[in-house]
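Chain by chain, the residues run as shown.
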Amino acid sequence: MKVLHLDTNHPLIREQLATAGFKNDEDYTSSKSEVEDKIAMYDGIIIRSRFAIDKTFLDKAKNLKFIGRVGAGLENIDIKHAEKLGVRLFNAPEGNRNAVGEHTLGMLLSLFNKLNNADQSIREGKWLREAHRGIELDGKTVGIIGYGNMGRAFARKLRGFNVEIICYDILEDVENSDATQVTLVELFKKTDVLSLHTPETPKTIGMINKTFINKFKKPFWLINTARGKSVVTSNLVEALKNGKILGAGLDVLEYEKSSFENLFTQKKEMPQALQELLKMDNVILSPHIAGWTVESKKKLAQTIVDKIKAEFC
């Protein structure tokens, strides 16, 4: 079977597939249309987020048997059409869940203890202790929306902090020893910290909007290490201004390019809401790297290889 690698990944993917009898080709620079011209030659592709695998692409991939997406989400792939054509889809949420859990916790603790601001203050020659007095996670209620691989990993990281952990998920009976599943009504009532761990779907795009935010009974902290389009940035900025949201840790942004590799699809003026967000000292930002660790790079690759070999070897 011939496999085309469209993104650079850990070399173990190519090495182990070759050992298993696959023929590996690499193309990290051709345009999408150029790849479409030759994709019919291949039985499988390995991709991260370089471009969308849409209906047009899939229809030209006449011999395609599988797509290995080295990451958690599959939103850059036309899943329904792939399944209609009998193309197997492999992703690897198991590979970077620990990294996401640690990053989420790190953002939360940095916000609570004002670490970014304190660091900048010292660098400016200021020694402002009272201005950087933090708050403790102990005794808080952490609400998690989306209790799959990422949500569970974050819940595990919260062990030992003496917090109540509640979760909401569209599936029933997802709770475990780390979190108690609740209704949205109870989530709105009890949450002090809200952490998002949902995929990008029609239901989650724009989910955190003004109406949703105002249903929370208490001011709360927001962490989003999931997908940027789940949060309406202008509504978030408004809530940060009026104190409904106390602070935010954002690894993802509404304006991200769908490939996740760049902020904007093309050069354009920065949206007003983003301009305001960047000036807020109770906001921490990172460039979609929650699952982007040295260890997760290897784990993601190994997970994909194992799934391909289990199916085709």
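Residues numbered from 1 in each chain as written. Predicted model: local features only at pLDDT ≥ 70, side-chain atom pairs only at ≥ 80, totals over all residues. Heavy atoms only, no water.

1. Regarding the packing of aromatic side chains
Counted by the stated rule, this structure contains 10 aromatic pairs. On the numbers, 5.8 Å between centres and 50° between planes, the contact of phenylalanine 51 with phenylalanine 57 is tilted. Side by side, phenylalanine 51 and phenylalanine 57 carry an identical accessibility label, which is buried. Centroid distance phenylalanine 90 to phenylalanine 312: 6.4 Å. Interplanar angle 90°. Geometry classified as edge-to-face. Placement of the pair is phenylalanine 90 in strand β5 (residues 88-90) and phenylalanine 312 in helix α12 (residues 294-312), with a sequence separation of 222 residues. A relative accessible area of 5% means that phenylalanine 90 is categorised as buried. (Phe/Tyr/Trp six-rings, centres within 6.5 Å; stacked < 30°, edge-to-face > 60°. Buried < 20%, exposed > 50% of the residue type's maximum accessible area, 1.4 Å probe, protein only. Helix = DSSP H or I, 4+ residues; strand = E, 2+ residues; numbered from the N terminus.)

2. Points about the sheet that holds β5
Judged by pairing direction, the sheet is parallel, and its five strands sit side by side in the order β2-β1-β3-β4-β5 without closing on themselves. The open sheet terminates on both sides in strands that have one partner only, identified here as β2 (23-26) and β5. The sheet shows a mean angle of 20° between the axes of neighbouring strands, direction not considered. As defined by bridge partners, strand β1 (residues 2-5) adjoins strand β3 (residues 44-47) across three bridges and the pair is classed as parallel. Residue pairing in the sheet places leucine 4 in a bridge with isoleucine 45 of β3. Across the face of the sheet, α12 comes into contact with β3, β4 (66-69) and β5 while running at roughly 155° to β5. (Pairing = 2+ DSSP bridges. Axes fitted to C-alpha atoms, helices over the stretch in contact; angles between N-to-C directions. Contact = heavy atoms within 4.5 Å.)

3. A short note on the pattern of salt bridges
Across all of its chains, the model carries 20 salt bridges by this definition. The closest approach of N and O atoms between aspartate 54 and lysine 32, which form a salt bridge, is 2.6 Å. Note that aspartate 54 is positioned in the loop between β3 and α3 (55-60) and lysine 32 in helix α2 (residues 32-38), a separation of 22 residues in sequence. Residue lysine 32 is classed as partly exposed on the basis of its relative accessible area, which comes to 23%. (Salt bridge = Lys/Arg side-chain N within 4 Å of Asp/Glu carboxyl O.)

4. Regarding the nonpolar core
Soluble globular proteins tend to bury their nonpolar side chains together. Counting 31 residues, the largest nonpolar core has Leu194, Leu196, Leu236 and Leu277 as the members making the most contacts within it. Breaking this core down by element, the ones donating at least two residues are α8 (184-190), β9 (193-196), α9 (210-213), β10 (220-224), α10 (233-242), β11 (245-250) and α11 (272-278). Residues in contact with leucine 236, not counting those within four places in the same chain, are Ile213, Leu222, Val231, Ile245, Ala248, Leu250 and Leu277. Ranked by size, the runner-up nonpolar core spans 21 residues in total, among them Leu137, Phe154, Ala179 and Ile284. (Core = buried A, V, L, I, M, F, W, Y, C linked by side-chain atoms within 4.5 Å.)

5. A look at the sheet that holds strand β12 (residues 283-285)
Taken in spatial order, the seven strands line up as β8-β7-β6-β9-β10-β11-β12 in an open sheet, and their pairing is parallel. In the strand order of this sheet, the two ends are held by β8 (180-181) and β12, each with one partner. One ladder, built from two bridges, connects strand β7 (residues 164-168) with β8; its direction is parallel. When the bridges of β8 are listed, cysteine 167 appears paired with glutamine 181.

6. Overview of the layout of surface pockets
Estimates place the volume of the second largest pocket at around 270 Å³. For the second largest pocket, the lining is made up of 18 residues, of which Leu111, Lys114, Asn117, Asp281 and Asn282 are closest to its centre. Of all the secondary-structure elements, those providing two or more residues to the lining of the second largest pocket are α5 (93-113), α6 (115-123) and β12. Across the lining of the second largest pocket, the residue classes break down as nine nonpolar, six polar and three charged. (1 Å grid on protein atoms, 1.4 Å probe; cavity = no way out; pocket = protein on both sides within 12 Å on 5 of 7 lines; lining within 4 Å. Points joined across faces, edges and corners; volume = space filled by probe spheres on them. Nonpolar A, V, L, I, M, F, W, Y, C, P; charged D, E, K, R; others polar.)

7. Focus on the packing of α5 against helix α7 (residues 149-157)
In a pair of packed helices, the angle between the axes and the distance between the axes together describe the arrangement. Running from amino to carboxyl end, α5 crosses α7 at an angle of 50°, the nearest separation of the two axes being 8 Å. Taken together, the axis directions place α5 and α7 in an arrangement best described as oblique. The two elements α5 and α7 meet at a crossing, and its hand is right-handed. Side by side, α5 and α7 meet where Pro93, Glu94, Asn96, Arg97, Asn98, Val100, Gly101, Glu102, Thr104, Leu105 and Leu108 of the first sit next to Asn149, Met150, Ala153, Phe154, Arg156 and Lys157 of the second. By residue class, the composition of the contact of α5 with α7 is seven nonpolar, five polar and five charged. (Parallel < 35°, antiparallel > 145°, perpendicular 65-115°, else oblique. Left-handed = near helix turned anticlockwise from the far one by under 90°.)

8. Quick look at the environment of leucine 250
Mapped onto the secondary structure, leucine 250 falls in strand β11. As for leucine 250 and alanine 290, which are separated by 40 residues in sequence, their C-alpha atoms are 9.7 Å apart. Here leucine 250 is in contact with Met107, Asn224, Leu236, Leu277, Val283, Ile284, Leu285 and Ser286, once residues within four sequence places are set aside.

9. Digging into α10
Within α10 the residues assigned to the buried category are Thr233, Asn235, Leu236, Val237, Ala239 and Leu240. Those residues of α10 hidden inside the fold are in contact with α9, β10, β11, α11 and β12. A positive phi of about 85° marks glycine 243, the residue just after α10.

10. Focus on empty space enclosed by the protein
Here the structure, examined in full by the defined rule, presents one cavity of 30 Å³ or more. Around the largest cavity, the lining residues are Asn224, Gly228, Val231, Thr233, Leu236, Leu250, Val252, Leu253, Glu254 and Leu277. A per-class count over the lining of the largest cavity returns six nonpolar, three polar and one charged.

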